[in-house]
Amino acid sequence: MNEYIIALHMHTRYSDGSGSHGDLANAALKTGVDVLLVTDHNVLVQGFDRYFEKDGRRVLMLVGEEIHDQARQPQKNHLLAFGITRELATYARDPQTLINQVRDHGGLAFIAHPVDPELPLFGETDISWVDWSVDGYTGIELWNGFSELKYVLKSKLQAVFYAFFPQFYAHGPLPEAVARWDNLMASGKRVVAVGGADAHALRMSMGPLHRTIFPYEYHFSAVTTHIQTNAILSGEVDVDRKLILSTLSQGHAFVAYDLPAPARGFNFTAQTESTTAMMGDELPFAQGIKLGIHLPRACDCRLLLDGVVVKRWQRGVDHTYDVTQPGVYRVECWLNYLGKKRAWIFSNPIYLR
Ligand SMILES: [Zn+2]
Ligand SMILES: [Zn+2]
């Protein structure tokens, strides 16, 4: 099984980011990221889908877009579209039409920052997703670095602190976003969770202080999405784009915060007599199914059934669980880091229905 790290959801100068596509690639080449999914606001920037290489490392850049209805007041409903080949921002007025268009054009639609609180301190409004009657999207951005910052920031002084020490602010996906995800899945939907950077490399000036807060490189070492596939990235852009998108759409992935410890190597499976299911897979429920968890290191590991913890392990790196009930099973891993317990890994679920 091969594991690739995807950094997704980021902005360049084509919208409200401060860097170029080249800056993104250079930052990614300094980290462990394998794939970048770039999403400027309401513009599909063409011509950057390619491999960037340096010192024997390579990063695949794929450009999609983040679309919302710019005429809507108040602003809501941001959608990440990956793998589309034409501009779709013209369909932004109706979220369902937009999702359908993304799908019809071979793309994947992810609801961006589903819960995104306001931050009056910096004039930032609540841009949560509100139109939950929609259907047909691939998944949601369970953990968005920027939403979380809006959630935890209480003062301008604190903002300055986090600008210099960004590693202190990330704690985990917002509980409201996690509850929303669990509820969607409990209602019978398949919803793939991804972790996004929402990287802007914003320039901040406060008095004599000028600083790029949360530079791209920081984000690429922080919240990412790890995918698992039997295939190997070939170096051929069109082939690899297909592989990345199909793996993501199947939910063979987990959300990871790699700063406390590398999450590479995590695994969650369901074993029957005849088959092994991976994250994102669905199996008919039967007695005798055994869930298996492998951790890169010991942590506070929780197995959840339909959003409720059914088992918790504090020691060891290999855990098993004999399933007795149908439902949606997923794993959360928490680690102590910089004096606080922080989310480390959120798996995609295995559906036993
Ligand atoms: Zn957004
Ligand atoms: Zn964004």
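Residues numbered from 1 in each chain as written. Chains lettered and ligands numbered in written order. Predicted model: local features only at pLDDT ≥ 70, side-chain atom pairs only at ≥ 80, totals over all residues.

Student: Can you tell me about the overall build of the protein, naming the residues and giving the values?
Tutor: For the protein, the count of helices and strands is 7 helices and 22 strands. The principal-axis extent of the C-alpha atoms belonging to the protein is close to 60 × 45 × 45 Å. Burial status across the protein gives 45% buried among its 353 residues. For the protein, the share of sequence-separated contacts (at least 6 apart) that also reach a separation of at least 24 residues comes to 68%. (Helix = DSSP H or I, 4+ residues; strand = E, 2+ residues; numbered from the N terminus. Buried ≥ 20, exposed ≤ 12 C-beta atoms within 10 Å, placed from the backbone. Contact = placed C-beta atoms within 7 Å.)

Student: Requested: an account of the domain arrangement of the protein, with residues and values cited.
Tutor: Each domain of the protein was delimited in the assignment, giving domain 1 (2–257) and domain 2 (267–338 + 346–352). Just the C-alpha atoms count here: the centres of domain 1 and domain 2 sit 26 Å apart. Every contact between the two is made by 19 residues of domain 1 and, on the other side, 12 residues of domain 2. Listing elements by their share of the side of domain 1 that touches domain 2, those giving two or more residues are β7 (139–144), α5 (175–186), β8 (192–196) and β12 (253–257). In terms of residue count, the dominant contributor to the side of domain 1 that touches domain 2 is α5 (4 residues). Split into classes, the residues belonging to the side of domain 1 that touches domain 2 amount to 12 nonpolar, 5 polar and 2 charged. (Domains from an automatic or database assignment. Nonpolar A, V, L, I, M, F, W, Y, C, P; charged D, E, K, R; others polar.)

Student: Lay out the environment of alanine 231 in plain terms, naming residues and giving numbers.
Tutor: Along the chain, the position of alanine 231 falls in the loop between β11 (223–229) and α7 (237–249). Considering only alpha carbons, one finds alanine 231 and methionine 1, 230 residues apart in sequence, at a separation of 7.7 Å.

Student: Explain the nonpolar core to me, using residue names and the numbers behind them.
Tutor: Generally speaking, nonpolar side chains in soluble globular proteins are found buried as a group. Formed by 100 residues in total, the largest nonpolar core has its most connected members in Val35, Leu36, Leu142 and Trp344. If you tally residues by element for this core, the top one is strand β20 (residues 327–337), at 6 residues. Counting only domains with at least three residues in this core, you end up with domain 1 (2–257) and domain 2 (267–338 + 346–352). With near-sequence residues (within four places) excluded, leucine 142 lies in contact with Pro173, Ala177, Val178, Trp181, Ala193, Val194, Gly195, Val255 and Phe346. (Core = buried A, V, L, I, M, F, W, Y, C linked by C-beta atoms within 7 Å.)

Student: Run through the environment of lysine 150, naming residues and quoting values.
Tutor: With respect to the helices, strands and loops of the structure, lysine 150 is situated in helix α3 (residues 145–152). In this structure, the C-alpha to C-alpha distance between lysine 150 and alanine 7, residues 143 residues apart in sequence, is 20 Å.

Student: A description of the pairing of strand β1 (residues 2–8) should follow, citing residues and the corresponding values.
Tutor: For β1, the tally of buried residues reaches 5 of 7 residues, placing the bulk of the element in the interior. Here β1 runs beside β11; their pairing, made up of 5 bridges, is antiparallel. Within the sheet, the bridge partner assigned to tyrosine 4 lies in β11 and is isoleucine 227. As judged from the 3 bridges shared by β1 and strand β2 (residues 35–41), these two strands associate in the parallel manner. Counterpart to leucine 8 in the pairing with β2 is leucine 37. (Pairing = 2+ DSSP bridges.)

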